[in-house]
Structures are given as structure tokens and as C-alpha cells.
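Structure assessment
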Amino acid sequence: MAVHSAGARLYASVKFKHLVKGASGSGGGGRASNIALNLTPFVDMMTILVCFLLMVFSSTGQLLEAQKGLDLPIAQARETLQQAPVIIVTKSEITYQGNLVATVESVLRDDSPTFKIDALFERLDAAAKRIKEDVALGRQPKDLIKACEEAKSNARPAPGKICPDGLAILQADEGTDARLINKIVNTAKAAGFDNLLFAVKNK
Amino acid sequence: MGASIGTGDKKSVNVELNIVPFIDLMSCLTAFLLVTAVWVNIAQINIQPKGKTRDQSQVQEENEHVTLSILVQSDKIWVGLSRVNEFQEIAKKGDDQDWDKLETTLKEHKASAFFADRSDLEIAAESTVAAPVKYQDIIHAMDLAVKVGFIDVGLSDPQGLAARPSL
């Protein structure tokens, strides 16, 4: 195999003098090729970013997901949400646990004398029965079972520890017509959900 | 190891720390925290559906206490007391409702003998096609009620308010 002489090499054939000259680690020697990057600002930035992210870090996780066409109303309330069945009302549709129940337009057009949303009532009714059974059989976390026992004596529950029996979350767009909210609350009440958590954005 | 003397010169006191592992750790931590960060803080307002409903098949409960009722309409807010039948009208201020006046009114009621040791109140919103009321207004009224001390907020149907002004 033929042996060839070495080709062009960086800093030998290609000088890059403009880089080597300005670099602090060059040592001033003609052939020195070490370039020391000043990492101090980078490390400063990383430290500040990590500190900020650690401050906003939430170990409880996010119970609700962002949806298209859904801007939550703003409030000063600071109570944290807890796990419960979620009714979502966007600008165009009503969903329960991610499944489409009805469109906003059809519900607003409906003048039913019961003032209920039937499709939502069916789902909520089934969910209420299932949750009631779970609580009765102790298939919920112990602290929530305890909260259910305390609720019987009308004791005020601790934040995030409300009895899951009859508890649901309403996540509605800020521009939703109040007629729709009234219908949903009425439907939830009829299905046995006596405790509603209205999801809001903090100011 | 982690640190090395800069030059072999006896007089040199420069120490170079090896910050590469530190930067690695910081990069991993930043990436993890950015992915798991919750940017929107969601809170809750706890309410109980209250009052009479339009559904006649449901049990209609009667309350023997004086109840503080708020009725939100598109152009005004009514604050009323049941049994006493006392109503106060809070007209809209510009484009928005007069939330400051509502807060002051609620504070006055909270300080009164009826509600000094009570924290319940009911809110309803009367919305029509011609004069719609937005959900944000209901939340704002509830938020003020909770702020003032009425933490047991009940949402009622406008027809079922304990104190309903005769419009």
C-alpha cells in the first residue's frame, strides 16, 4: 500500500491566525492551537435557569390538559385541584372525560323543560354510581375515604382532600354562555354530583 | 482530578476547575425541568349546586334562614336577602360590571348580624340570547364572594334563587 505524505492540517497549513491571536489560551506561541472559550456567562445563565425552573417545579403534576378553544377564566382562588371526573366546555363542544357529549350550539338550542343535557346526564349518572360503589367498598385512597366519613359530620375538608363521592371538575371557556353553565350544573346535580370544582387560572 | 495548577511555574496561583461535569449536570437538569414544568397554574373554586331547579321532579328544599343571593345579569348585578326581601342593584360601570361596589356590598353583608358567623351565599346568572352573561362574570362574582369570606358558594338556577328581585 502506497504511503502518501500528510495533507493540509488545521493551524499548520490553514493558519486561522485571527482566532489564535485573540484566544486567551494561546500562550502567545506561534504554533499554539488551544482556544479557551469563556464559559462563565453560560454557566451563570444555566444556574439562573435551573433555579427558576426549580422554583416553578410542581411535584403534584398537572391534572388538566390544555385544549383548543379553551381559555379558563381568571380568579384569585388558590386552592389546588384534585382528581375527579372532568367536564370540558370549549367554545364549540362539551366533552366528558375526553369524549364528545354534545355541541354547544345544540345544547343552547334545546329548550327541554327538564333543563338537563341528556347525553351528559347518562354518563355522569353512570360515573356517580361507580364512584359511590368505589367509596363504599374502600377502593379509593385512605385519606379520601376518611374525608368521606368526615363529610357526613359536615366537617370542612382539607384542600385537595374532598370526598370523591359527588365530586366533578368543570373546565369551561371564559366566554361560555351562563345558560350552558346552568344546564351543566343542573345536570350534574341531577346525576348526584353535589360538589363541583370550577377550574380557574390564577391571576 | 477536578482541579489543576495552571502552569508549572512556582509563583502561579491560578487554579483551573474542571467544570465540564457541572455543565453536563446543569444541562440535564435544565432539560428535565423544562419538560416537566407546569406553565399555567390552575386552581379551583369549590361550589355546590343549590336552590330550586326548573326540574319539578327534583326535591325542592326550603331554607328557613336568611339567604344572601347574587343575581348576575348582563347589565347589572342584584344583591338580595331572602325573607327580608331587601335588594340592592349594582349597575354596570362602563363595559364591565362594577366589581368594586359588589365587593364593598358583600363586605357590608358579611359584617352584618345575619352573616357574621355564616359563610354561605348563592349566586345565579340570568343569561338570554339578547343579553348573554359570560362564565367569567360568574367566576368573578364567586371569586369576590370567597375573598370576602363567603367560602360556601352555591350556584343556583336564576329561577330558584332564595331572594329573587321582581323584574
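Residues numbered from 1 in each chain as written. Chains lettered and ligands numbered in written order. Predicted model: local features only at pLDDT ≥ 70, side-chain atom pairs only at ≥ 80, totals over all residues. Heavy atoms only, no water.

In helix packing, the relevant descriptors are the interaxial angle and the interaxial distance, both defined with respect to the helix axes. All names here are of chain A. Put simply, helix H4 (residues 118-136) and helix H6 (residues 178-191) touch, their axes get as near as 8 Å, and they point 40 degrees apart. In this structure, H4 meets H6 at a crossing whose hand is right-handed. Where H4 approaches H6, its residues Leu120, Phe121, Leu124, Asp125 and Ala128 are matched on the opposing element by Ile184, Thr187, Ala188, Ala190 and Ala191. Taken together, the residues of the contact of H4 with H6 break down into eight nonpolar, one polar and one charged. (Axes fitted to C-alpha atoms, helices over the stretch in contact; angles between N-to-C directions. Helix = DSSP H or I, 4+ residues; strand = E, 2+ residues; numbered from the N terminus. Left-handed = near helix turned anticlockwise from the far one by under 90°. Contact = heavy atoms within 4.5 Å. Nonpolar A, V, L, I, M, F, W, Y, C, P; charged D, E, K, R; others polar.)

Residue and element names in this part refer to chain B. Put simply, helix H2 (residues 99-111) and helix H3 (residues 135-148) touch, their axes get as near as 9 Å, and they point 40 degrees apart. For the crossing formed where H2 meets H3, the hand is right-handed. Here Trp99, Leu102, Glu103, Leu106, Lys107 and Lys110 of H2 lie close against H3, whose contacting residues are Asp137, His140, Ala141, Leu144, Ala145, Lys147 and Val148. Counted by class, the contact of H2 with H3 contains seven nonpolar, one polar and five charged residues.

All names here are of chain A. Residue placement: Thr187 occurs in helix H6. Its relative accessible area of 0% is what places Thr187 among the buried residues. Among the polar contacts made by the side chain of Thr187, one reaches the main-chain amide nitrogen of Ile117 at a distance of 3.0 Å. From its side chain, Thr187 meets the backbone oxygen of Lys183 in a polar contact 2.6 Å long. For Thr187, the contacting residues outside a window of four places in its chain are Phe115, Lys116, Ile117, Leu120, Phe121 and Leu124. (Buried < 20%, exposed > 50% of the residue type's maximum accessible area, 1.4 Å probe, protein only. Polar contact = N/O pair within 3.5 Å; in protein donor to acceptor, adjacent residues only side chain to side chain.)

Here the focus is the interface of chain A and chain B. Residue-level contacts link 57 residues of chain A with 51 residues of chain B. For the pair chain A and chain B, the two sides together bury roughly 4,600 Å², of which 62% comes from carbon and sulfur. Across the contact surface, chain A and chain B share nine residue pairs in polar contact (both at pLDDT 80 or more). Mapped onto the side of chain A that touches chain B, the elements with two or more residues apiece are helix H2 (40-56), strand E1 (74-75), strand E2 (79-80), strand E6 (167-172), H6 and strand E7 (195-202) of chain A. The greatest single-element share of the side of chain A that touches chain B, amounting to ten residues, is contributed by H2(A). (Buried area = accessible area lost by both parts, 1.4 Å probe.)

A separate point is the layout of surface pockets. A volume near 1,100 Å³ is recorded for the largest pocket. Forming the boundary of the largest pocket are 35 residues, of which Pro157(A), Ile162(A), Asn195(A), Asn46(B) and Gln48(B) lie nearest the centre. Residue assignment for the lining of the largest pocket shows that the elements contributing at least two residues are H4 and helix H5 (142-152) of chain A together with strand E3 (42-50) of chain B. Across the lining of the largest pocket, the residue classes tally to 16 nonpolar, seven polar and twelve charged. (1 Å grid on protein atoms, 1.4 Å probe; cavity = no way out; pocket = protein on both sides within 12 Å on 5 of 7 lines; lining within 4 Å. Points joined across faces, edges and corners; volume = space filled by probe spheres on them.)

The side chains of a regular strand alternate, residue by residue, between the two faces of the sheet. Residue and element names in this part refer to chain A. Of all six residues that make up E6, six are buried, and the element is covered over most of its length. Of the two faces of E6, the one lined by Leu167, Ile169 and Gln171 and the one lined by Ala168, Leu170 and Ala172 are each fully buried. Note that strand E3 (residues 86-89) and E6 share four bridges and pair parallel. When the sheet's bridge partners are listed, Val86 is paired in E6 with Ile169. Two strands pair when backbone bridges link them, and E6 and E7 are joined in this way by four bridges, in the parallel orientation. By the bridge assignment for E7, Leu167 is matched with Asn195. With respect to chirality, the unit in which E6 leads through H6 into the neighbouring parallel E7 is right-handed. (Pairing = 2+ DSSP bridges. Right-handed = clockwise from strand over helix to strand, strands pointing away.)

Overall, the coordinates contain three aromatic pairs over all chains when judged by the stated rule. An aromatic cluster is built from Phe114(B), Phe115(B) and Phe150(B), whose rings are joined through pairwise contacts. Positioned above the aromatic ring of Phe121(A) is the side chain of Lys116(A), whose terminal nitrogen or guanidinium carbon lies 4.3 Å from the ring centre. The ring of Phe150(B) is capped by Lys110(B), whose NZ or CZ atom sits 5.4 Å from the centre of that ring. (Phe/Tyr/Trp six-rings, centres within 6.5 Å; stacked < 30°, edge-to-face > 60°. Lys NZ or Arg CZ within 6 Å of the ring centre and 35° of its normal.)

Attention now moves to the nonpolar core. Formed by 64 residues in total, the largest nonpolar core has its most connected members in Phe193(A), Phe198(A), Leu102(B), Ile123(B) and Met142(B). Here this core takes eight residues from H3(B), the largest share from any one element. In this structure, Phe193(A) is in contact with Pro85(A), Leu124(A), Ala127(A), Ala128(A), Ile131(A), Gly166(A), Leu167(A), Ala168(A), Ala188(A) and Pro49(B), ignoring residues within four places of it in sequence. Core analysis: the second largest hydrophobic core is formed by eleven residues, Leu72(A), Ala84(A), Ile88(A) and Ala199(A) among them. (Core = buried A, V, L, I, M, F, W, Y, C linked by side-chain atoms within 4.5 Å.)

Here the focus is the confidence of the model for chain B. All names here are of chain B. Per-residue confidence for chain B gives a mean pLDDT of 82, with 85% of residues at or over 70. Mean pLDDT in chain B bottoms out at strand E1 (residues 3-5), which sits at 54, and peaks at H2, which reaches 93. For this predicted complex, the interface score ipTM comes out at 0.74, alongside a pTM of 0.74. (pLDDT = per-residue confidence, 0-100.)

Attention now goes to the state of the cysteines. Per the stated rule, a full pass over the model turns up one disulfide over all chains. A sulfur-sulfur separation of 2.0 Å characterises the disulfide bridge that pairs Cys148(A) with Cys163(A). Taking the torsion about the S-S bond as the criterion, the Cys148(A) to Cys163(A) disulfide, at about 90 degrees, is right-handed. Taken together, the residues span a long stretch of sequence, with Cys148(A) in helix H5 and Cys163(A) in the loop between H5 and E6 at a distance of 15 residues. Take Cys163(A): its relative accessible area is 12%, and that puts it in the buried class. Just so you know, Cys51(A) is unpaired, no disulfide at all, and the nearest cysteine sulfur is the one on Cys28(B), 17 Å from it. According to the relative accessible area criterion, Cys28(B) is exposed, its value standing at 56%. (Disulfide = S-S within 2.5 Å.)

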